[in-house]
Amino acid sequence: MTLKILCATDGTDHSATAVIQAAEMAAKNKGALTLCTVNIAHGGGRGPVINHWTDVQLEKILDDAVALAGKHGVK
């Protein structure tokens, strides 16, 4: 039985499907769901490091994923 689930999201429809599946599995097994994102860094070396998303965009992506998981049985 799976009691801890880690689900990555990037705010796309494809990742929403993964969030729904993970939330339903966590709810069914009374397990914990952890949502995460990976902010890809571009540049570096001789130039500045530029993140793919701003902090505001990341917060929205995670807030949306939390809301979606909540609709499918995870607190």
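Everything that follows concerns the structure shown earlier in this document.
Please read all numbers here as calculations on a predicted model, not as lab measurements.

Criteria and thresholds
- Residues numbered from 1 in each chain as written.
- Predicted model: local features only at pLDDT ≥ 70, side-chain atom pairs only at ≥ 80, totals over all residues.
- Heavy atoms only, no water.
- Helix = DSSP H or I, 4+ residues; strand = E, 2+ residues; numbered from the N terminus.
- Rg over C-alpha atoms; globule rule 2.2 N^0.38 Å.
- Buried < 20%, exposed > 50% of the residue type's maximum accessible area, 1.4 Å probe, protein only.
- Contact = heavy atoms within 4.5 Å.
- Areas by Shrake-Rupley, 256 points an atom, 1.4 Å probe, with all protein chains shown as cover.
- Lys, Arg positive; Asp, Glu negative; His and termini not counted.
- Charge placed at Lys NZ, Arg CZ, Asp CG, Glu CD.
- Pairing = 2+ DSSP bridges.
- Right-handed = clockwise from strand over helix to strand, strands pointing away.
- 1 Å grid on protein atoms, 1.4 Å probe; cavity = no way out; pocket = protein on both sides within 12 Å on 5 of 7 lines; lining within 4 Å.
- Points joined across faces, edges and corners; volume = space filled by probe spheres on them.
- Nonpolar A, V, L, I, M, F, W, Y, C, P; charged D, E, K, R; others polar.
- Salt bridge = Lys/Arg side-chain N within 4 Å of Asp/Glu carboxyl O.

Here we come to the overall build of the protein chain. Secondary structure assignment for the protein chain yields two helices and four strands. Scanning the protein chain from its N terminus toward the C terminus, one meets helices and strands in the order β-α-β-β-β-α. In terms of C-alpha radius of gyration, the protein chain reaches 15 Å, well past the compact-globule figure of 11 Å for 75 residues. Dimensions of the protein chain, computed from the C-alpha atoms along their principal axes, are close to 50 × 20 × 20 Å. Counting every position in the protein chain, which comprises 75 residues, the buried fraction comes to 21%. Look at the contacts in the protein chain between residues 6 or more apart in sequence, and 59% of them connect residues 24 or more apart. A total accessible area of about 5500 Å² is found for the protein chain, and carbon and sulfur atoms account for 58% of it. Of the charged side chains in the protein chain, 7 are positive and 7 negative; the average position of the first set lies 10 Å away from that of the second.

In strand 2 (residues 32-36), alternate side chains face the same way, and those of Leu33 and Leu35 are buried while those of Ala32, Thr34 and Cys36 on the opposite face are not. For strand 1 (residues 4-8) and strand 2, the ladder comprises five bridges, and the chain directions are parallel. Residue pairing for strand 2: Cys7 is matched across the bridge by Leu35. With helix 1 (residues 13-29) bridging strand 1 and the parallel strand 2, this β-α-β connection has right-handed handedness.

All right, on to the layout of surface pockets then. In this model, the largest pocket occupies a volume close to 160 Å³. Thr9, Gly11, Thr12, Ser15, Ala16, Val19, Gln57, Lys60, Ile61, Asp64, Ala65 and Leu68 are the residues that line the largest pocket. Listing elements by their share of the lining of the largest pocket, those giving two or more residues are helix 1 and helix 2 (55-71). Each residue belonging to the lining of the largest pocket can be placed in one class, and the counts come to five nonpolar, five polar and two charged.

Another aspect to go through is the pattern of salt bridges. Overall, the coordinates contain one salt bridge when judged by the stated rule. Residues Asp64 and Lys60 are paired through a salt bridge, measuring 2.7 Å at the closest nitrogen-oxygen approach. Taken together, the residues Asp64 and Lys60, both in helix 2 and four residues apart, mark about one turn of the helix.

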